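So you can see what is in the structure, the chains are spelled out below.
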Amino acid sequence: MTERQAEEADTVRREFGEAVNMTAGELEEWLATEESQSVGQKSGGSDESTGHESGRRIVQLLHTKKADLTDDDLAHMRKVHGYVQRHLAQEPAKEDVETSRWRYSLMNWGHDPLKGK
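An account of the accompanying structure is given in this report. (Residues numbered from 1 in each chain as written. Predicted model: local features only at pLDDT ≥ 70, side-chain atom pairs only at ≥ 80, totals over all residues. Heavy atoms only, no water.)

**So, the overall build of the chain**
Phase 1 of the analysis: What the chain contains, in helices and strands, is six helices and zero strands.
Phase 2 of the analysis: Counting from the amino terminus, the chain carries its helices and strands in the arrangement α-α-α-α-α-α.
Phase 3 of the analysis: Against the 2.2 N^0.38 benchmark of 13 Å for 117 residues, the chain shows a C-alpha radius of gyration of 15 Å, consistent with a compact globule.
Phase 4 of the analysis: When the backbone C-alpha atoms are referred to their principal axes, the chain occupies close to 45 × 30 × 25 Å.
Phase 5 of the analysis: In the chain, once contacts between residues fewer than 6 apart in sequence are set aside, the share between residues at least 24 apart is 63%.
Phase 6 of the analysis: With an accessible surface of roughly 7300 Å², the chain has 46% of that area assigned to carbon and sulfur atoms.
Phase 7 of the analysis: Once the 16 positive and 23 negative side-chain charges of the chain are each reduced to a mean point, those two points are 3 Å apart. (Helix = DSSP H or I, 4+ residues; strand = E, 2+ residues; numbered from the N terminus. Rg over C-alpha atoms; globule rule 2.2 N^0.38 Å. Contact = heavy atoms within 4.5 Å. Areas by Shrake-Rupley, 256 points an atom, 1.4 Å probe, with all protein chains shown as cover. Lys, Arg positive; Asp, Glu negative; His and termini not counted. Charge placed at Lys NZ, Arg CZ, Asp CG, Glu CD.)

Structure representation (structure tokens):
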């Protein structure tokens, strides 16, 4: 890995860490709920939404040592950061955020917008 690639990987890990504010345990608990499974787009006839599938992958990534992360892992981490950033910008103005599909969807991606508020 070149110095530039190492710096990019560090940036991806940092941004992923900023985007994902739920612990692996919190995310696993959330993914087991009906609310978690009720939101998101399902593709290819799958019973599982893209976000829910991503959440399971995020749990794995949170358990993975820095040195063991693959290029594919880093690509998913980049995708998670991008999704969370885009989705946060779409916060509903008048809806009760606590029980909103918006929050539930973000939580599938490892980010609880109410955490720390």
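**Here we look at the layout of surface pockets**
Phase 1 of the analysis: Size it by volume and the largest pocket reaches roughly 220 Å³.
Phase 2 of the analysis: Along the walls of the largest pocket sit 13 residues, with Gly40, Gln41, Tyr83, Ser105 and Trp109 positioned nearest its centre.
Phase 3 of the analysis: For the lining of the largest pocket, the leading source of residues is helix 6 (residues 101-108), giving four residues.
Phase 4 of the analysis: Among the residues forming the lining of the largest pocket, the class breakdown is four nonpolar, eight polar and one charged. (1 Å grid on protein atoms, 1.4 Å probe; cavity = no way out; pocket = protein on both sides within 12 Å on 5 of 7 lines; lining within 4 Å. Points joined across faces, edges and corners; volume = space filled by probe spheres on them. Nonpolar A, V, L, I, M, F, W, Y, C, P; charged D, E, K, R; others polar.)

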